[in-house]
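Coordinate inspection notes
So you can see what is in the structure, the chains are spelled out below.
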Amino acid sequence: DSSDIIEVQRHVKAKHEEPDPELFGIAEGKNVIVISMESLQTFVINETVNEDENGEGGEVITPFLNSLIDESIYFENFYHQTGQGKTSDSEYLLANSMYGRDSGSVFFTHAGNAFDALPSNVSENGYYASVMHANNKSFWNRDMMYQSLGYDRYFDIMSYDVHEENSVGWGLKDVDFFEQSIDLLKSQPEPYYTKFITLTNHFPFELDEEDKFIEEGDYPSRTLSRYFPTVRYMDYALEYFFDRLKEEGMYEDSIFIMYGDHYGISENHNRSMAMYLDKEEITPFDTVQLQRVPKFIHIPGYDGNKVMDTVSGQIDLKPTILHLLGIETKGMFHFGTDLTAPDRESFTILRDGSFISDDYLFTRGVCYDKETEEEIEIEFCEPFFESVNLDLGYSDKILYGDLLRYKDHEQEEVLSQND
Ligand code: GP9
Ligand code: MN
């Protein structure tokens, strides 16, 4: 009932971290371009494939993204936290700073809930909030859920010119998608907050010959083998998009938030993955570390770029973005914290209850030392158990009880009680 929300509010309030004053509001009034990069995992960043026996002659998989690291605040220990809801879970995490369901997809089961989501937050602050994605509007129930999240517009497949020549796999090729999106971007009132969802780097990783800029890998798993050239193609499409925005004079006044939505290579391909990574086997420890996805904050003209090793996840995106835009988040129901907050705890929780700190990693009932990658006594991980259960439990409580219905009613009362 409505008293539950008071309990949850106390919990999330204690998690709040003050933003970095240098970054708070740095992007105020600028256009925000969010790019959800399909199935992109961190293990391909700054790496090559198809080396000869001497380890030479390998082909770079993500040349553009590698170069973008130098021009961004880049997070190397950023984890996806999705479950069966895949892309839709990542969208839910981004929009709400709350966890998706432990099975199924929130987008289907709770599209009627009350939310206080990022699109509506920015919309209330003068932004035009939209999504661009060349798929049927009802896929993942997006047409319903996007309304609840407060988007002003969803540019779905009907906004794109899609035919056989410009399609592969799941649909419109990423380069064509970005090219056609330029005019759609221009059609929007400014400032806009627009999320792009790419598609080409999606299982089963199909590509036309002309788009294979590097060779497939040579692994027993055809899936892993094909993954490399489709990642390389997406990397090219992203570079193409940046170049076009620069040509059109739309780059300077924008900031870019880019992240991988979830893994592309499942555990079914562990044997091949071990071969690629030169490991004897993929352990549960490795499996968790493979859930890292690239995460960029790219602000044209910003001179404080760096690689950050803080352990973090998609749950942290919402407060981070709001603070960059100069929007206060105190009192919001966030389970993540601003990635750049000076006092942020280096820690993240996966949907299955696995968690990662600077020193330890817990998964499937086993505690690991991150340095040695060896199993250690459970005592090292135990101090985290309570807060992990509280975070997942309270997040679920909001979702299943539709508690944000009571938000406006209770908020003032709770804030005054605690202050
Ligand atoms: C479909 C695209 C892919 O529109 O977002 O969804 P996924 O299968 O990755 O969840
Ligand atoms: Mn996806």
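Keep in mind it's a predicted model, so treat the numbers as computed, not measured. (Residues numbered from 1 in each chain as written. Chains lettered and ligands numbered in written order. Predicted model: local features only at pLDDT ≥ 70, side-chain atom pairs only at ≥ 80, totals over all residues. Heavy atoms only, no water.)

To continue, consider the site of ligand 1. Around ligand 1, the neighbouring residues are E38, K86, T87, H133, N135, F139, W140, R142, W170, L199, H202 and H262. E38 places a polar side-chain atom, nitrogen or oxygen, 3.1 Å from an oxygen atom of ligand 1. Contact distances for ligand 1 include 2.7 Å between an oxygen atom and a side-chain N or O atom of H202. When ligand 1 sits alone it has 310 Å² of accessible area, and the protein chains cover 95% of it. Grouping the constituent residues of the shell around ligand 1 by class yields four nonpolar, five polar and three charged. (Near = heavy atom within 4 Å. Polar contact = N/O pair within 3.5 Å; in protein donor to acceptor, adjacent residues only side chain to side chain. Areas by Shrake-Rupley, 256 points an atom, 1.4 Å probe, with all protein chains shown as cover. Nonpolar A, V, L, I, M, F, W, Y, C, P; charged D, E, K, R; others polar.)

This part takes up helix α8 (residues 222-247). With 26 residues, α8 ought to run about 38 Å at 1.5 Å a step, and its terminal C-alpha atoms sit 38 Å apart, in line with that. Of all the bends found along α8, the most pronounced is centred on F228 and spans about 25°, while P229, a proline, follows it within four residues. Extensive coverage of α8 is indicated by the burial of 19 of its 26 residues. G249 sits one or two residues past α8 and shows a positive phi near 70°. (Helix = DSSP H or I, 4+ residues; strand = E, 2+ residues; numbered from the N terminus. Expected span 1.5 Å × (residues − 1). Bend = angle between axes of the 7 residues up to and from the residue. Buried < 20%, exposed > 50% of the residue type's maximum accessible area, 1.4 Å probe, protein only.)

When the UniProt feature table is mapped onto this chain, "domain: Sulfatase N-terminal" (unreviewed entry) is found at residues 30-327. In the segment residues 30-327, helix accounts for 33% and strand for 17%; the C-alpha atoms at its two ends are 13 Å apart. (UniProt positions renumbered as here; feature names shortened; annotations may be inferred.)

Within the UniProt annotation, "binding site: substrate" (unreviewed entry) is assigned to H202. With respect to the helices and strands, the residue H202 is situated in the loop between β10 (192-197) and α8. Other than its neighbours up to four places away in sequence, H202 contacts E38, S39 and W170. At a separation of 3.2 Å, a polar atom in the side chain of H202 contacts the side chain of W170. (Contact = heavy atoms within 4.5 Å.)

Pairing of strand β17 (residues 360-363) with strand β18 (residues 366-369), which is carried by four bridges, proceeds in the antiparallel orientation. Pairing of L361 across the sheet is with Y368, part of β18. Hairpin connection from β17 to β18: two residues lie between these consecutive antiparallel strands, with R364 at a positive phi of about 50°. The pairing of β18 with strand β19 (residues 375-376) spans two bridges and is antiparallel. (Pairing = 2+ DSSP bridges.)

Take helix α9 (residues 270-277) next. Residues lying three or four places apart along an α-helix face the same way, a consequence of the helix completing one turn every 3.6 residues. Turning to α9, its buried residues number three or more, namely S272, M273, A274 and Y276. On its buried face, α9 sits against β2 (48-49) and α8. D278 sits one or two positions beyond α9 and adopts a positive phi of about 55°.

Further remarks concern the side chain of D338. Position of D338 relative to the elements: it lies in the loop between α11 (317-324) and β15 (347-349). Here D338 is buried and forms no salt bridge, its nearest opposite-charge partner R344 lying at an N-O distance of 7.0 Å. In terms of polar contacts, D338 uses its side chain to reach the side chain of H323, at 2.7 Å. Ignoring any residue separated from it by four or fewer positions in sequence, one finds D338 in contact with P19, P319, T320, H323 and R344. (Lys, Arg positive; Asp, Glu negative; His and termini not counted. Salt bridge = Lys/Arg side-chain N within 4 Å of Asp/Glu carboxyl O.)

Enumeration over the complete set of coordinates arrives at 21 salt bridges. Across the salt bridge formed by R244 and E248, the nearest N and O atoms sit 3.0 Å from each other. Taking the relative accessible area as the measure of exposure, R244 reaches 12% and is therefore buried. A residue is classified by how much of its surface remains accessible, and E248, at 31% relative accessible area, is partly exposed. If you follow the salt bridges from partner to partner, you end up with E179, K186, R244, E247 and E248 in one network.

Let us now look at the sheet that holds β18. Taken in spatial order, the five strands line up as β15-β16-β17-β18-β19 in an open sheet, and their pairing is antiparallel. Lying at the two open borders of the sheet, with one neighbouring strand each, are β15 and β19. Packed onto the sheet, helix α12 (residues 382-401) meets β15, β16 (355-357) and β17 and runs at close to 55° relative to β15. (Axes fitted to C-alpha atoms, helices over the stretch in contact; angles between N-to-C directions.)

Read across the open sheet, the eight strands follow the order β7-β6-β10-β1-β11-β12-β4-β13; overall the sheet is mixed. Where the open sheet ends on each side, the last strands, each with one partner, are β7 (153-155) and β13 (306-308). Looking at each pair of strands side by side, their axes are set apart by 15° on average, direction ignored. The sheet contact formed by strand β6 (residues 128-132) and β7 spans three bridges and is parallel.

With that out of the way, let us pick up the pairing of strand β11 (residues 254-260). With seven of seven residues buried, β11 is to be regarded as a mostly interior element. Going residue by residue along β11, you find S254, F256, M258 and G260 tucked away on one face and I255, I257 and Y259 tucked away on the opposite face as well. Two elements, strand β1 (residues 31-37) and β11, share seven bridges in a ladder whose sense is parallel. From the neighbouring strand, M37 faces β11, where its bridge partner is G260.

To continue, consider the packing of aromatic side chains. The full count for this structure, using the stated rule, is 37 aromatic pairs. Look at F107 and Y146: their rings are 6.3 Å apart centre to centre, the planes differ by 85°, and that puts the pair in the edge-to-face class. One end of the pair, F107, is in helix α4 (residues 106-109); the other, Y146, is in helix α6 (residues 142-149), with 39 residues separating them in the sequence. Taken together, the ring pairs connect F43, F203, F205, Y219, Y227, F228 and Y276 into an aromatic cluster. When the ring centre of Y263 is taken as reference, the NZ or CZ atom of K86 above it lies at 5.0 Å. Between the NZ or CZ atom of K246 and the centre of the ring of Y251, over which it lies, the distance is 4.7 Å. (Phe/Tyr/Trp six-rings, centres within 6.5 Å; stacked < 30°, edge-to-face > 60°. Lys NZ or Arg CZ within 6 Å of the ring centre and 35° of its normal.)

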